[in-house]
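Spelled out, the chains give:
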Amino acid sequence: MEQIKRYFPLLTETQLEAFEKLDTLYSTWNESINVISRKDIAHLYERHVLHSLGIAKIFTFDAGTRILDAGTGGGFPGIPLAIFFPEVKFHLVDATGKKIKVVYEIVRALGIKNVTAEHARLENVNDTFDFVVSRAVTALPEFVKLTAKNIQAGQRNGLNRGIIYLKGGDFKEELETSGCHYKIYPLSNWFKE
C-alpha cells in the first residue's frame, strides 16, 4: 500500500480507504477461489494494483469515458482503475465465472458504483467502448481480433480510441504482427519496481 501512496500522493481519503481494503478482500477471497497465485498474494499492491495503475500514470480519462476490461480475471486492471477514476465507467468481463463472482463481491464490498461485470467470452461481448484495457490475456494479434469490434471509432480524451495493453517480456513480434499502430510506454519510467 505504501507504493500506492508514494506514486499517487493526491489520492482522496475515499480512494485510499478503498485501496487499503483490497488486501483483506483479495486475501479472503483467494482462500476459497484462486484469483491470484498463492505466492503472489503477498505482493498484491506491487504486482497487481500498482501494475494496473500504470495506466493512470500515462492516460487521463474524462468523466463518462467507457472502458472495457477484457479478460479481467479477479478485477485487474479494472478495479484499481475504477477506484482511481470514479467518474469513468468500467465494464469488466471474464470467461471464468468464479473470477467474475469475486469481482462482483469486491465491487459490492467497496461500494464502487462505476463498475459493471459480466461473465462472458470476449467474442460474445458486442457493446462498444472508448478504450479496451487488459493485462496480457493472450498474444496481442489474437487480442486485437477478439476486441476490435468493441472499440468505437474516433477520439476521446484527445486520444485515438483503442487498446491499452499491459504486457511484459519480449513482445516485439506480437506488435509487428498485430496490424496496429502502437506506442510503448515502459512502466519503469514511472515505477522503480
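So, here is what we can say about the structure in this document. (Residues numbered from 1 in each chain as written. Predicted model: local features only at pLDDT ≥ 70, side-chain atom pairs only at ≥ 80, totals over all residues. Heavy atoms only, no water.)

Here we take up the overall build of the protein chain. Within the protein chain one finds 7 helices and 7 strands. For the protein chain, the N- to C-terminal ordering of α and β elements is α-α-α-β-α-β-α-β-β-α-β-β-β-α. At 16 Å, the protein chain has a C-alpha radius of gyration in line with the 16 Å of a compact globule built from 193 residues. In terms of overall dimensions, the protein chain has a C-alpha envelope of 40 × 35 × 35 Å along the principal axes. (Helix = DSSP H or I, 4+ residues; strand = E, 2+ residues; numbered from the N terminus. Rg over C-alpha atoms; globule rule 2.2 N^0.38 Å.)

Of note, the amide linkage connecting phenylalanine 76 to proline 77 takes the cis form, showing an omega dihedral of 10°. In this structure, proline 77 sits in the loop between β1 (66–70) and α4 (78–84).

Spatially, 5 strands are ordered β3-β2-β1-β4-β7 in an open sheet, and the strand pairing comes out parallel. The open sheet terminates on both sides in strands that have one partner only, identified here as β3 (115–119) and β7 (162–166). For this sheet, the mean angle separating the axes of adjacent strands, direction not counted, is 20°. For β1 and strand β4 (residues 131–135), the ladder comprises 3 bridges, and the chain directions are parallel. The residue of β4 that forms the bridge with isoleucine 67 is phenylalanine 131. Packing against the sheet, helix α6 (residues 140–147) makes contact with β1, β4 and β7, and its axis sits at approximately 140° to β7. (Pairing = 2+ DSSP bridges. Axes fitted to C-alpha atoms, helices over the stretch in contact; angles between N-to-C directions. Contact = heavy atoms within 4.5 Å.)

Let us look at the packing of helix α2 (residues 13–32) against helix α5 (residues 97–110). It is at 10 Å that the axes of α2 and α5 come closest, and there the two elements cross at 140°. Helix-helix and strand crossings are classified by hand; for α2 and α5 the assignment is right-handed. Residue-level inspection shows Ala18, Lys21, Leu22, Leu25, Tyr26 and Trp29 of α2 in contact with α5, the latter providing Lys101, Val102, Glu105, Ile106, Ala109 and Leu110. Residues belonging to the contact of α2 with α5 are distributed by class as follows: 9 nonpolar, no polar and 3 charged. (Left-handed = near helix turned anticlockwise from the far one by under 90°. Nonpolar A, V, L, I, M, F, W, Y, C, P; charged D, E, K, R; others polar.)

Here the focus is the nonpolar core. Formed by 50 residues in total, the largest nonpolar core has its most connected members in Leu22, Tyr26 and Ile79. Residues contacting leucine 22, with those up to four places away along its chain left out, are Leu44, Tyr45, Val49, Ile79, Ile83, Ile106 and Leu110. Counting residues in each nonpolar core, the second largest holds 16 residues, with Leu68, Ala120, Leu146 and Tyr165 among its members. (Core = buried A, V, L, I, M, F, W, Y, C linked by side-chain atoms within 4.5 Å. Buried < 20%, exposed > 50% of the residue type's maximum accessible area, 1.4 Å probe, protein only.)

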